[in-house]
Structure formats: C-alpha cells, structure tokens
Amino acid sequence: MTYQIKAFAQLTGVSERTLRYYHEINLLVPQQAANGYREYTSQDADRLQLILMYRRLQFKLTTIKELLKLPKAQRLERLQAQKGLLELQQAALTQTLQQMTATIANYQEENQMTDSAKFTAFKQAQIDANQTTYGQEVVTKYGEDQQQAANQHFGELSQAQYQQMQTTEADLVRDLQCYLENPNVPSALAQQIFTAHQTWLQLTSPKYSLAMHRGIAALYVADERFAAYYTALVGDQRAATELKLIIDYYTQNEE
C-alpha cells in the first residue's frame, strides 16, 4: 500500500514540511508516481520510525543518515552506547531530585538539617542513584552481601574522605586527558593514573584487591554504561579502553 504525503503525514504524525525536508536531504526518499507526487510505502514508515527514535535519542540528522547505512549489528552497538549515556543522565537526574528534596526540607523551619545530616543525605542520594543504574550487575557479579557492604562503606565515609575521593577523580580525569594524547604503558603518567584510580577504589570499596581492580576495569569495557560514563567524563571514547590497559598492566606487575 502506498500513501501520498498528506496521508502519510496523518498516519505518522510527522508534518508534511518535515517529510519534504527529509526528502531534500535524502534521509527519507519516497517513490515518485507517474503524476510526480511523492508516494510512501510501509517500508518508508519503518524507516521513519527508526529516524524518529534516533531523533529522540538526540542524534543529529547527519549522524542518522550514516547510522541507517550501517549493518544492523553496528546500529545496535551505537544504540547501546547511547542507552548507556541516557541511563547515566537518568541516574544523575534522580540524584539531583533527591538532593533538591533534601534542600527543600532544609529550608523549612520545622525541619532544619545540620551539616552532618546534609552530607549524609547527599551520600544516600548517590548510593540510590548507583543502585538504580548498576545495582543488579553488582549483585550478579559480587553478590548481595558485597553490595550491601560497599553501600555501607560509602555511607560511612567522612567529609575528608569524600573530598579526597572527589579530588582523586579530578586528578584521574586530568591525567587521562593528557595521557590520551600519547598513550604509552608503562610510563610515569600511566603509573600516576593507576595510582589515582587505585586510591579512588580503596576509598570507595571496603575490601580492595588487585583482582577486584582488574575485574572492575573489565566492566569498564564490557558494559556500555561504564564506557559511556568515562567517555562523558574524559571527553574521549578511548578513555575506558585505555584505562583498562593501564590497570591490567600495573595490577599484574604488582602481584
């Protein structure tokens, strides 16, 4: 069955103006009837559905054109990476909402919060956000007891420890950005990156080990969400892969 542009616009909810533009840029090219009118098919509807999904995922039109040329497996890989970024954004939004709730409560005269209570609420918001994003994977890989121990350990961090964790992560990001200009293992900068990441893990994990460190590094590459996190944090898609290579080298050589 074919549809002229008006009927196709009504069917899909996409304006005729947008359909014409997609045709102009060769993103969605309909058949042309003998009378010169555009004619859209069910296959065009399927392609448009993909285009609309990519648009909701915030892909640019030029990127969408390239994605539609890729084999299905590669399109799926890109979608998974974008899904990881959206999950990180969702977790960050959840954390922000929880912090906002605590702040509103603090401003209410009948429920004034001490600085200690504010810090406790902030840490709990981070635990809840991590639980939403990574909770099931952590339980599957390390068990529920380990997860609960890690959450308890994080919840008991002092303000000085938490500040050290934040400073260490900032140093790690800065050094990774420099390192990616000329990756080289072993090197002084690679050692510095490993030490920073090790310090960060020792602060956040109750039972640090080199084997655990390697396992976490493997997750950075295997799980698209971790890879997307480091891509966003460092600003380079190689960040998770190169960090894993550094961790693999120094954990094996420290045993």
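As shown above, the structure is provided for reference.
Structure report, in brief.

Definitions and limits used
- Residues numbered from 1 in each chain as written.
- Predicted model: local features only at pLDDT ≥ 70, side-chain atom pairs only at ≥ 80, totals over all residues.
- Heavy atoms only, no water.
- Helix = DSSP H or I, 4+ residues; strand = E, 2+ residues; numbered from the N terminus.
- Buried < 20%, exposed > 50% of the residue type's maximum accessible area, 1.4 Å probe, protein only.
- Core = buried A, V, L, I, M, F, W, Y, C linked by side-chain atoms within 4.5 Å.
- Axes fitted to C-alpha atoms, helices over the stretch in contact; angles between N-to-C directions.
- Parallel < 35°, antiparallel > 145°, perpendicular 65-115°, else oblique.
- Contact = heavy atoms within 4.5 Å.
- Nonpolar A, V, L, I, M, F, W, Y, C, P; charged D, E, K, R; others polar.
- Expected span 1.5 Å × (residues − 1).
- Arc of directions from axis to C-beta.
- Salt bridge = Lys/Arg side-chain N within 4 Å of Asp/Glu carboxyl O.

Notes on unusual backbone geometry
Here's step 1: The omega angle of the peptide bond from Val-185 to Pro-186 is 0°, so this bond is cis rather than trans.
Here's step 2: Along the chain, Pro-186 turns up in the loop between helix H8 (159–179) and helix H9 (188–204).
Here's step 3: The backbone of Asn-26 sits at a positive phi, close to 60°, despite the residue not being glycine.
Here's step 4: As for its placement among the helices and strands, Asn-26 is situated in the loop between helix H2 (16–24) and strand E2 (31–32).
Here's step 5: Residue classification places Asn-26 among the exposed positions, given a relative accessible area of 51%.

Here's the deal with the nonpolar core
Here's step 1: Leu-172, Ile-193, Tyr-220, Tyr-230, Leu-243 and Ile-246 are the most contacted members of the largest nonpolar core, which has 23 residues in total.
Here's step 2: Put simply, the parts of the chain that give this core at least two residues each are H8, H9, helix H10 (210–222), helix H11 (224–234) and helix H12 (239–254).
Here's step 3: Ranked by residue count, the leading element in this core is H12, at six residues.
Here's step 4: Judged by nonpolar contacts, the second largest core, of 19 residues, contains Ala-9, Leu-57, Ile-64 and Leu-67.

Observations concerning the packing of H8 against H11
Here's step 1: As a packed pair, H8 and H11 sit with axes 10 Å apart at the nearest point and diverge in direction by 80°. Considering the angle they form, H8 stands roughly perpendicular to H11. Contacts between H8 and H11 involve Glu-169, Leu-172, Val-173, Leu-176 and Gln-177 from the former and Tyr-229, Tyr-230, Leu-233 and Val-234 from the latter.
Here's step 2: Its residues assigned to classes, the contact of H8 with H11 shows seven nonpolar, one polar and one charged.

Brief notes about helix H3 (residues 42–56)
Here's step 1: For H3, which comprises 15 residues, the first-to-last C-alpha distance of 21 Å matches the rise-based estimate of 21 Å (1.5 Å per residue) to within 8%.
Here's step 2: For H3, the complete set of buried residues consists of Asp-44, Leu-48, Ile-51 and Tyr-54. Down the axis of H3, the buried set is contained in an arc of 120°. They therefore lie on one face. Projecting away from the buried face of H3 at angles above 90 degrees are the exposed residues Gln-49 and Arg-56.
Here's step 3: Phi turns positive, to about 75°, at Gln-58, one or two residues after H3.

A word on the pattern of salt bridges
Here's step 1: Taken as a whole and judged by the stated rule, the model has six salt bridges.
Here's step 2: Salt-bridge contacts for Asp-171 lead to Arg-174; the nearest nitrogen and oxygen are separated by 3.1 Å. Taken together, the residues Asp-171 and Arg-174, both in helix H8 and three residues apart, mark about one turn of the helix.
Here's step 3: A relative accessible area of 42% places Arg-174 in the partly exposed class.

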